Amino acid sequence: MDEDLLPIGQFARLSRLSVKQLRHYDELGLLVPAHVDAHSGYRYYRRAQARQALSIGLLRTLDVPLPVIAEVLSGTAGALDGVRAGLEAELERRRRTLAALERVMADGLPAVPVRVVTEPARTVAMTGESAAGLADVARATSAAIARLLHALPPAGPPQLIGLFPVDMDDTFEVRAALVTDRDGPAEPWQRAGLDLAVLPGGAFACVTHVGPYDQISLTTHAVLAWCAERGHPLVGPIREVYVSDPATTEPDRLVTHLMIPLEDLP
């Protein structure tokens, strides 16, 4: 046996990884043993592999996914760019969450004016995206809207509406609708993977949110409380009518109308 070879237990202590981790990384081809005993299947590593093992451990403490670590170890240029962008986006989201919390601490729970409006029925192109809980709503909404705009690039400013269930369980569907005046056959819409539908009109409790999309939940709370206090059953879907174009509008100036359908009181 080569004296430079270390058994897996000793190498695990040297590299500050567990034996289970080393076996997993071997299965992924991320850190392959220098020698495997043909009879016992026991793994052996060279001391020089400790640097690679320690690098893997360091990157995992920084929440770098294993597939990206494989790219880093292979010398792929810019392998960590996506991870950095994701962390920066998460940091920005956390900052906005903190701003919302500070707003509640300073002003209390929101009580914005609610008005009753009458909406006409609207012909829309529609698509959906599954969301894995509340934290995934923004991604699912953006994905559905991007699919709509890619399939049907609007000639002017798009009239976009987000549709959300009242009850948001572990997994639910977010739907996005693009108002259109096209009322021809459904086949072209189906080829684009979209549904052609009619959003029903009627009376809605409506409140206007001004500010970032990820603070809409504060305003939603206000309109839900208004409905509950007046005995209106909470029926869905909750509509978010996007008035502003986020590509040209600062987050603090985004205007969104939140609307909940109202049923006749008994």
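This one's a predicted model, so the numbers in the text were calculated from it and none came from an experiment. Per-chain numbering applies: the sequence of each chain, read as written, is numbered from 1 onward. Thresholds applied to this predicted model are a pLDDT of at least 70 for local features of residues and 80 or more for the giving and counting of side-chain atom pairs; totals over whole chains, interfaces and linings are not thresholded and use all residues. With hydrogens and water excluded, all non-hydrogen atoms of the structure serve as input to the side-chain values.

Caption draft 1: Region of the structure containing the packing of aromatic side chains. Planes of paired rings set the category: under 30 degrees apart is stacked, over 60 is edge-to-face and the rest tilted, where pairs are Phe, Tyr or Trp rings (Trp by its six-membered ring) whose centres lie within 6.5 Å. Applying the stated rule across the entire model yields three aromatic pairs. Both rings, one in Tyr-42 and one in Tyr-44, keep their centres 5.4 Å apart while their planes meet at 65 degrees; by these two values the pair is edge-to-face.

Caption draft 2: Layout of the side chain of Glu-129. We count a stretch as a helix when DSSP gives it H or I for four or more residues in a row; a strand needs E for two or more, and each element gets its number in order from the N terminus. By the secondary structure assignment, Glu-129 is in strand 5 (residues 122-131). Remark: exposure states derive from per-residue accessible area (1.4 Å probe, protein chains only) relative to the maximum for the residue type, with buried under 20%, exposed over 50%, and partly exposed in between. Classification of Glu-129 by relative accessible area gives buried; the value is 18%. Within 3.5 Å is the distance limit for a polar contact, defined as a pair of N or O atoms, with the added protein rule that one can donate a hydrogen and the other accept it, and that residues adjacent in sequence qualify only through two side-chain atoms. There is a polar contact of 3.1 Å between the side chain of Glu-129 and the side chain of Arg-139. Side-chain polar atoms of Glu-129 contact the side chain of Arg-147, separated by 2.4 Å. Contacts were defined at the residue level, with two residues in contact if any of their heavy atoms lie within 4.5 Å. Not counting residues up to four positions away in its chain, the partners in contact with Glu-129 are Arg-139, Ala-140, Ala-143, Ala-144, Arg-147, Phe-172, Glu-173 and Val-174.

Caption draft 3: Summary view of the environment of Ala-222. As for its placement among the helices and strands, Ala-222 is situated in helix 8 (residues 216-229). The spacing of Ala-222 and Pro-113 is 109 residues in sequence and 8.4 Å in space, taken between C-alpha atoms.

Caption draft 4: Structural context of helix 1 (residues 8-15). Restricting attention to buried positions, one finds in helix 1 the residues Ile-8, Gly-9, Phe-11, Ala-12 and Ser-15. When helix 1 is viewed along its axis, its buried side chains cluster within an angular range of 165 degrees and face the same direction. Elements in contact with the buried residues of helix 1: strand 1 (5-7), helix 2 (19-27), strand 3 (43-46) and helix 3 (50-61). With its phi angle positive at about 60 degrees, Arg-16 sits one or two positions after the end of helix 1. This arc describes the spread of directions from the helix axis toward the C-beta atoms.

Caption draft 5: Structural detail: the packing of helix 1 against helix 2. One can describe the packing of helix 1 onto helix 2 by two numbers: an axis separation of 9 Å at closest approach and a directional angle of 100 degrees. The pairing of helix 1 with helix 2 is recorded here as roughly perpendicular in orientation. Packed against helix 1, whose contacting residues are Ile-8, Gly-9, Phe-11 and Ala-12, the element helix 2 presents Val-19, Leu-22 and Arg-23 at the interface. Of the residues assigned to the contact of helix 1 with helix 2, the class counts are five nonpolar, one polar and one charged. All axes are obtained by fitting lines to C-alpha atoms, using only the stretch in contact for helices, and the reported angles, taken between N-to-C directions, cover 0 to 180 degrees. Here the angle decides the label: under 35 degrees means roughly parallel, over 145 means roughly antiparallel, 65 to 115 means roughly perpendicular, and every other value means oblique. In the scheme used here, Gly and all other residues not listed as nonpolar or charged are polar, with Ala, Val, Leu, Ile, Met, Phe, Trp, Tyr, Cys and Pro taken as nonpolar and Asp, Glu, Lys and Arg as charged.

Caption draft 6: A look at helix 3. An expected span of 1.5 Å times one less than the residue number is assigned to each helix. Its twelve residues give helix 3 an end-to-end C-alpha distance of 17 Å, which sits within 8% of 16 Å, the value for a rise of 1.5 Å per residue. Residues of helix 3 that are buried: Ala-50, Ala-53, Ile-56, Gly-57 and Leu-59. Buried residues along helix 3 sit in contact with helix 1, helix 2, strand 3 and helix 4 (66-73).

Caption draft 7: A look at the pattern of salt bridges. Each reported salt bridge corresponds to a side-chain nitrogen of Lys or Arg within 4 Å of a carboxyl oxygen of Asp or Glu. In this structure the tally under the stated criterion is twelve salt bridges. Asp-4 is paired through a salt bridge with Arg-46; the nearest N and O atoms lie 3.7 Å apart. Of the two residues, Asp-4 sits in the segment before strand 1 while Arg-46 sits in strand 3, which places them 42 residues apart along the sequence. Here Arg-147 and Glu-129 are joined by a salt bridge, their closest N and O atoms 2.4 Å apart.

Caption draft 8: Layout of the layout of surface pockets. Using a 1 Å grid laid over the protein atoms alone, points where a 1.4 Å probe fits but cannot get out form a cavity; open sets with protein on both sides within 12 Å along at least 5 of 7 lines form a pocket; any residue with an atom within 4 Å of a point counts as lining. Grid points are joined across faces, edges and corners, and a volume is the space filled by probe spheres set on the points. If you add up the space inside the largest pocket, you get close to 1,400 Å³. Lining the largest pocket are 45 residues, with Val-137, Tyr-213, Asp-214, Ile-216 and Glu-240 positioned closest to its centre. For the lining of the largest pocket, the secondary structure elements donating two or more residues are helix 5 (81-107), strand 4 (115-119), helix 6 (137-151), strand 6 (160-164), helix 8, strand 10 (238-242) and strand 11 (255-261). Per-element tally for the lining of the largest pocket: the top contributor is helix 6, with six residues. Looking at the lining of the largest pocket, its residues break down into 29 nonpolar, eight polar and eight charged.

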